[in-house]
Amino acid sequence: MSDNDNEGLSDEQLKRILEDSDFELSELSDFDNSDVDPIYEPDDNASESDISDNETIIPSKLRRVEPIPGPSSRPDPSPGSAQDSDSSHGNEGHNLPIFPQNTGNNVLLHDVSPADELHEFQFEERPEFREQQINQLANQNPTVPQNTGNVVWRDVSPADRLHEFQFEERPGFCEQQLNQLTDHKPIDFFLLFFDNEIQNMLVAETNRYAEQQIIKGICEETISEHSFVAKWSDTNPNELMKFFGLIIWMGLDQKPTLKDYYSNKILYKSEIPKVCGISRNRFEALLHFFHISDNEHCPIGDRLYKISPLVQILNRKFQDICTPSKRVCIDETMVPFRGKLSFRQYIPGKRHKYGVKLFKLCVENGFTYKIKVYGGRSERDPDKPLATSVVMDLMEPLLDSGRTVYTDNFYTSVGLAHELNGRQTHLVGTLRQNRKLNPKSIIIHKLKRGEMKIQRSSTNVVIGKWKDKRDVLFLTTTEIPRMTEVQTKRGIIYKPTTIVDYNKAKGFIDISDQKASYSSPVRRSIKWYRKIAMELLTSTTMVNALVVFQSVTGKNMSITEFRESVVCALLNTDARQAQNPNNEHFLEEKEKRGRCSTCYKKYKEEEGRAAAMKKALRVHTFCPNCPDDLLFMCTKCFFQLHSCKVK
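Fair warning: this is a prediction, and the values are worked out from it, not measured in the lab.

Caption draft 1: Quick peek at the overall build of the protein chain. Of regular secondary structure, the protein chain possesses 21 helices and 20 strands. For the protein chain, the proportion of its 647 residues judged to be buried stands at 42%. Restricting the contact set of the protein chain to residue pairs at least 6 apart, pairs at least 24 apart contribute 64%. About 38900 Å² of surface is accessible on the protein chain, with carbon and sulfur atoms providing 48% of the total.

Set out below in structure tokens:
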């Protein structure tokens, strides 16, 4: 039958031809999907003898894939096809005949024979961690610089040099202001800072605040007739200085409460309140209305408005009188306060854990050069870290002068060192391990006691680690640190020069805080700004005045003696003693009349208070030099207690 005949056959004729042939219709499908692999289910019971040479066996598990050239075509299932003969010829010696299967993707599957081999790729690398990088992290053989951000760290070589800034200022105190002092007494140096400008400001604001409170109380009808608020009269600078003299004295002679300073009990009674002429009610009124700024002009959101005017004036006066040396130190101190305040801080390492934080810049001998009150997050620069903004703010008057600022690990960082280097200022301080741009190799390096490891950055910043009892991480931009001998209680030990310089400079603030803590008059208060004002005016200012006094006069006076001299001058006790140098007792008369205190005490102990009120004599006389000089004393009791005359 020719091809032409096949083309003319109908479907019915083709079907009859196939029925007469050896093929079964079930073996043919209506369409051919060459992308689907055929499913074979071999008979497990069949043996090799049952398989004829013409039958094809395709195992279900082992197959070998071989790519073939040319288009994909379905193999001819007839036993006499050429493809079958080629396949049998190419697999001579095999136990099983292989019939290649085309899956339609130019890939032929063959049965696996023992002689088959797959591709072999040669692996010649050594499986291990790279020793070069491990050694670099451990700083054993750091031959490759470490790049942290834009800063590259290398080991320090003997030829390395850091930035050198020239310091040309002459440190000391302003001679022009000191020459205006007529007498070098402690009170003169104290009034250098607590001068007429501050006195007039405090008097004006105190009187204004009292007037505002009185008007408010009258409108709201909250002022009683016998209240000290209703009896208020405006104060003046003379009374204000006596008021502060009493406050400073209260720090020297501490008593449980404010009322005890005016008590007549033998345990608490004192002559100082009587000498100054300020009664207890007047003292409480001055303390209640003490103010620094006008509340009616407070800007919205300014937390520090109530204290800012005083801080600005004091900072200006501190800076005008002092030219710092090359080394300065920055640290924080706490003003104790446990009241409700949005920016109250908690620092567990401080003596007073709760309070208002003050950032201080101190120079040699503990002189406070500048103060910054921390008012919380709203008062800080959002574009800079808190530590960096604080240092740059406090150092603003001293930048571009070649000075060196010493800070602890709260402030020190590589970023701060870069900013200060750009303003010709060095930075030295201890460092925290988690700061940005720190070299990882220094952080993880293990040291034995007494050893030091340092690295220098491409920006001329040196970071090192020194092992004493524990690891000490430090940063410096002044010089390459070296080991030096230091005499201690344990004997001579070796320390890095950076640590030695840091310990000396860090003592600037420690000295200031230590002197301010002696006989401190700061007491409990519900007004935070009043506590800060008292701390600045009676402690910080007092310590600065003492430092200037010692520098000018050369006298070695303690802070307690200095306070005593200032109190006597403020209360004018020297003039009172000059009027009665021998402290003689005599009787004087008053316009008012009162019961004799001695008679009253005698009758009260014997017969009780009611009898004492009736029998005690009512007289006009009193003794001004007796402890109870404001009380009355009859002539009989006076001569029983003293052997003196009647004036």
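Next comes the rest of the write-up.
Caption draft 2: Local environment of the packing of aromatic side chains. In total, this model carries 22 aromatic pairs according to the counting rule given. Between Phe343 and Trp528 the ring centres are 5.2 Å apart and the planes differ by 85°, which places this aromatic pair in the edge-to-face class. With Phe343 in the loop between β8 (327-336) and β9 (345-346) and Trp528 in helix α16 (residues 528-553), this pair connects stretches of sequence that are 185 residues apart. Assigned by exposure class, Phe343 and Trp528 land together as buried. Each residue in the set Phe190, Phe194, Phe243, Phe244, Tyr262, Phe283 and Phe290 is aromatic and connected to the rest through ring pairs, giving one cluster.

Caption draft 3: Examining helix α10 (residues 280-289) more closely. By the burial criterion, the buried members of α10 are Arg282, Phe283, Ala285, Leu286, Leu287 and Phe289. Where α10 is buried, its residues meet α7 (196-220), α8 (237-252) and α16.

Caption draft 4: Quick look at the side chain of Gln455. With respect to the element layout, Gln455 can be found in strand β14 (residues 452-457). Of note is the side chain of Gln455, whose polar atom sits 3.2 Å from the side chain of Ser441.

Caption draft 5: Highlighting the pattern of salt bridges. Per the stated rule, a full pass over the model turns up 21 salt bridges. Between Asp160 and Arg456 there is a salt bridge, with its nearest N and O atoms 3.2 Å apart. Of the two residues, Asp160 sits in the loop between β5 (151-155) and β6 (172-173) while Arg456 sits in strand β14, which places them 296 residues apart along the sequence. Between Asp513 and Lys360 there is a salt bridge whose closest N-O contact spans 3.2 Å. Here Asp513, found in helix α15 (residues 497-517), pairs with Lys360, found in strand β10 (residues 354-362); they are 153 residues apart in sequence, far enough to count as distant.

Caption draft 6: Quick peek at the packing of α7 against α8. In the contact formed by α7 and α8, the axes pass within 10 Å of each other and the chain directions differ by 100°. Between α7 and α8, the crossing angle belongs to the class labelled roughly perpendicular. Contact residues: α7 offers Gln199, Asn200, Leu202 and Val203, while α8 offers Pro237, Leu240, Met241 and Phe244.

Caption draft 7: Representation of helix α13 (residues 414-422) within the structure. Here α13 has its buried residues at Val414, Leu416, Ala417, Leu420 and Asn421. End-on, the buried residues of α13 take up no more than an arc of 155°, which puts them together on one face. Backbone geometry just downstream of α13 places Gln424 in the positive-phi region, at approximately 55°.

Caption draft 8: Broad picture of the packing of α7 against helix α11 (residues 308-321). The contact between α7 and α11 brings their axes to 11 Å, and the two run at 175°. Judged on the interaxial angle alone, α11 and α7 are roughly antiparallel. In contact with Glu197, Ile198 and Met201 of α7, α11 contributes Pro309, Leu310, Ile313, Leu314, Arg316 and Lys317. Residues that form the contact of α7 with α11 fall into these classes: six nonpolar, no polar and three charged.

Caption draft 9: Spotlight on unusual backbone geometry. One non-glycine residue with positive phi stands out, namely Asp400, at about 60°. Examined against the element boundaries, Asp400 turns out to sit in the loop between α12 (386-394) and β12 (404-407). Here Asp400 falls in the partly exposed class, since its relative accessible area comes to 42%. Look at Gln424: it is not a glycine, yet its phi comes out positive at around 55°. Structurally, the position occupied by Gln424 is in the loop between α13 and β13 (426-430). For Gln424, a relative accessible area of 40% translates into the label partly exposed.

Caption draft 10: Examining the nonpolar core more closely. Within the largest apolar cluster, 110 residues are counted, with the highest numbers of intra-cluster contacts made by Leu202, Phe243 and Phe367. With 14 residues, the top contributor of residues to this core is α16. Membership of the second largest hydrophobic core comes to twelve residues, among which are Leu587, Cys596, Cys623 and Met633.

Caption draft 11: Structural detail: a positive patch on the surface. A cluster of basic side chains, namely Arg338, Arg344, Lys353 and Arg524, defines a positive patch on the protein surface. Within the secondary structure, Arg524 sits in the loop between α15 and α16. For Arg524, a relative accessible area of 85% corresponds to the exposed category.

Caption draft 12: Region of interest: the pairing of strand β18 (residues 491-496). Of the pairings in the sheet, the one linking strand β17 (residues 483-488) to β18 comprises six bridges and is antiparallel in character. Paired with Thr484 across the two strands is Lys495, which belongs to β18. A loop of two residues connects β17 with β18, the two strands running antiparallel in sequence.

Caption draft 13: Molecular detail of the environment of Asp471. Structurally, Asp471 can be placed in strand β16 (residues 471-476). Owing to a relative accessible area of 32%, Asp471 belongs among the partly exposed residues under this scheme. Placed 19 residues apart in sequence, Asp471 and Met452 show a C-alpha to C-alpha distance of 9.6 Å. Filtering out sequence-adjacent residues up to four positions away, Asp471 remains in contact with Lys465 and Trp466.

Caption draft 14: How the structure looks around the side chain of Lys531. Examined against the element boundaries, Lys531 turns out to sit in helix α16. Comment: no salt bridge for buried Lys531; closest opposite-charge side chain is Glu535, at 8.1 Å. Lys531 has contacts with Val335, Pro336, Phe337, Val522, Arg523, Arg524 and Ser525, leaving out every residue within four places of it along the chain.

Cut-off values and rules
Residues numbered from 1 in each chain as written. Predicted model: local features only at pLDDT ≥ 70, side-chain atom pairs only at ≥ 80, totals over all residues. Heavy atoms only, no water. Helix = DSSP H or I, 4+ residues; strand = E, 2+ residues; numbered from the N terminus. Buried < 20%, exposed > 50% of the residue type's maximum accessible area, 1.4 Å probe, protein only. Contact = heavy atoms within 4.5 Å. Areas by Shrake-Rupley, 256 points an atom, 1.4 Å probe, with all protein chains shown as cover. Phe/Tyr/Trp six-rings, centres within 6.5 Å; stacked < 30°, edge-to-face > 60°. Polar contact = N/O pair within 3.5 Å; in protein donor to acceptor, adjacent residues only side chain to side chain. Salt bridge = Lys/Arg side-chain N within 4 Å of Asp/Glu carboxyl O. Axes fitted to C-alpha atoms, helices over the stretch in contact; angles between N-to-C directions. Parallel < 35°, antiparallel > 145°, perpendicular 65-115°, else oblique. Arc of directions from axis to C-beta. Nonpolar A, V, L, I, M, F, W, Y, C, P; charged D, E, K, R; others polar. Core = buried A, V, L, I, M, F, W, Y, C linked by side-chain atoms within 4.5 Å. Patch = residues over 30% accessible without salt bridge, like charges linked within 9 Å, V, L, I, M, F, W, Y side chains within 5 Å. Lys, Arg positive; Asp, Glu negative; His and termini not counted. Charge placed at Lys NZ, Arg CZ, Asp CG, Glu CD. Pairing = 2+ DSSP bridges.

It is worth stressing that arrangement in space is one thing and function is another; only the former is reported here.
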